[in-house]
Amino acid sequence: MTLQALPLPPSELGESPFWHPLEKRLYWCDIQGFAVNAWEPATDRRWQWKMPSEPGCCAPAPDARLVIGLRDGFHLLHTLTGALDCLARLPAERHDTRQLRLNDGRCDTAGRFWAGSVITPRSAPDAALWRLEAGAGGYRLDYMAGDNFTANGLAFSPDERFLYWANTPEHRIDRFDFDAASGSISGRQPWASFPRKEPGEPYGGRPDGAAVDVDGNYWVAMYEGACVLQFSPAGALLQRIATPVQCPTMVCFGGDDGRTLYITSARAGRPRQEQDAAIPAGSLLGTRVAIAGLSVNFFKP
């Protein structure tokens, strides 16, 4: 399998990529670059929208809009004008000297937007999973789960029975029972775990962003592990895809047939030799795969 660097500038912290099936464009966030980006492979056209704070995640919405998780809460970006509308703010909580922001997220098939948070420094497992949905009286924001240091790896199974959620610093992926009709989760169980970094020992990385294919396989970027792993629904490792960057951050499926795997990566904080490599840290990568991924779900404002 050949991974190619796409003809795009490196991101400081690339995250939350998705393929827009109507626009035929790839969107992604650059968290530490304070920007949301888009690229049209057929024409090589590029777009960028600067954000007032770190965009942790994004998803498509109807009428040339994106739902975005920023530091203070959830916003709707109008891509034709660049205007931002605040939909819901995170509850005002005091975390001493620590800072809260939204991180990894995506929509379910009902159009609810799910996003996990991170609180730095990561001195306690106070990161949470939030669910945003529209209703007759406006937007409702619900706290769905906690006990996490850095929320990542959010994905849904094709049959809508399960929700996956990674705790990156703990090197663990949990799985919840998911009820698509009500949007509720229950029965949290550890689903996959990975060895921690030990001095003098090979390190395989820790689970970051993820996506699921049409067969229910879970694909996860292993931050600092220079690879993407594919797991079966039962949790068996199916393949390891080596990446030319040390810190892949998230994957998504795209292209007309859903069989192009896109991989974002991180540049911020990486050694100079990684930043100056032939394929530099922060590059966005692509390759063809045998199984199509699930199409992105749209937010329903």
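Computed from a predicted structure; not experimentally measured.

Points about the sheet that holds strand S7 (residues 65–69)
At step 1: If you walk across this open sheet you meet the four strands as S6-S7-S8-S9, and the pairing is antiparallel. Each having just a single partner strand, strand S6 (57–61) and strand S9 (84–89) make up the two edges of the open sheet. Averaged over all pairs of adjacent strands, the angle between their axes in this sheet comes to 25 degrees, without regard to strand direction.
At step 2: Looking at chain direction, strand S8 (residues 73–78) and S9 are connected through five bridges and run antiparallel. Directly across from His75, in S9, lies its bridge partner Cys86.

A word on unusual backbone geometry
At step 1: With an omega of -5 degrees, the peptide bond running from Thr120 to Pro121 counts as cis.
At step 2: Non-glycine residue Asp44 carries a positive phi angle of around 65 degrees.
At step 3: Relative to the assigned elements, Asp44 resides in the loop between strand S4 (35–40) and strand S5 (45–50).
At step 4: Overall, the relative accessible area of 35% leaves Asp44 in the partly exposed class.

Brief notes about the pattern of salt bridges
At step 1: Summed over all chains, the structure comprises 21 salt bridges.
At step 2: Close ionic contact of Asp72 with Arg89 constitutes a salt bridge, the shortest N to O distance being 2.1 Å. Taken together, the residues span a long stretch of sequence, with Asp72 in the loop between S7 and S8 and Arg89 in strand S9 at a distance of 17 residues.
At step 3: Owing to a relative accessible area of 30%, Asp72 belongs among the partly exposed residues under this scheme.
At step 4: Residue Arg89 is classed as exposed on the basis of its relative accessible area, which comes to 51%.
At step 5: A salt bridge links Glu224 to Lys197; its shortest N-O distance comes to 2.7 Å. Here the residue Glu224 occupies a position in the loop between strand S19 (218–223) and strand S20 (227–231), and Lys197 occupies one in the loop between strand S17 (184–193) and strand S18 (206–212), the gap between them amounting to 27 residues.
At step 6: For Glu224, a relative accessible area of 17% puts it in the buried group.
At step 7: Connected through salt bridges with shared partners, the residues Arg131, Glu133, Arg140 and Asp142 form a single ionic network.

Description of the sheet that holds strand S3 (residues 25–30)
At step 1: One open sheet holds the four strands; their spatial order is S2-S3-S4-S5, and the pairing between them is antiparallel. Across the chains shown, the open sheet's two edge strands, defined by having one partner strand only, are strand S2 (14–20) and S5. Pairs of neighbouring strands in the sheet enclose a mean axial angle of 15 degrees, with direction left out of account.

Section: the state of the cysteines
At step 1: Under the criterion given, the structure shown has zero disulfides.
At step 2: Cysteine Cys57 is unpaired, with the sulfur of Cys29 as its nearest cysteine sulfur at 6.6 Å.
At step 3: Its sulfur unpaired, Cys252 is 9.8 Å from the next cysteine sulfur, which belongs to Cys58.

Considering the side chain of Ser157
At step 1: Note that Ser157 resides in the loop between strand S14 (151–156) and strand S15 (162–167).
At step 2: Polar side-chain contacts of Ser157 include one of 3.2 Å to the backbone nitrogen of Arg161.
At step 3: Residue contacts for Ser157: discarding those within four places in its chain leaves Phe162 and Tyr164.

Cut-offs and rules
- Residues numbered from 1 in each chain as written.
- Predicted model: local features only at pLDDT ≥ 70, side-chain atom pairs only at ≥ 80, totals over all residues.
- Heavy atoms only, no water.
- Pairing = 2+ DSSP bridges.
- Helix = DSSP H or I, 4+ residues; strand = E, 2+ residues; numbered from the N terminus.
- Axes fitted to C-alpha atoms, helices over the stretch in contact; angles between N-to-C directions.
- Buried < 20%, exposed > 50% of the residue type's maximum accessible area, 1.4 Å probe, protein only.
- Salt bridge = Lys/Arg side-chain N within 4 Å of Asp/Glu carboxyl O.
- Disulfide = S-S within 2.5 Å.
- Polar contact = N/O pair within 3.5 Å; in protein donor to acceptor, adjacent residues only side chain to side chain.
- Contact = heavy atoms within 4.5 Å.

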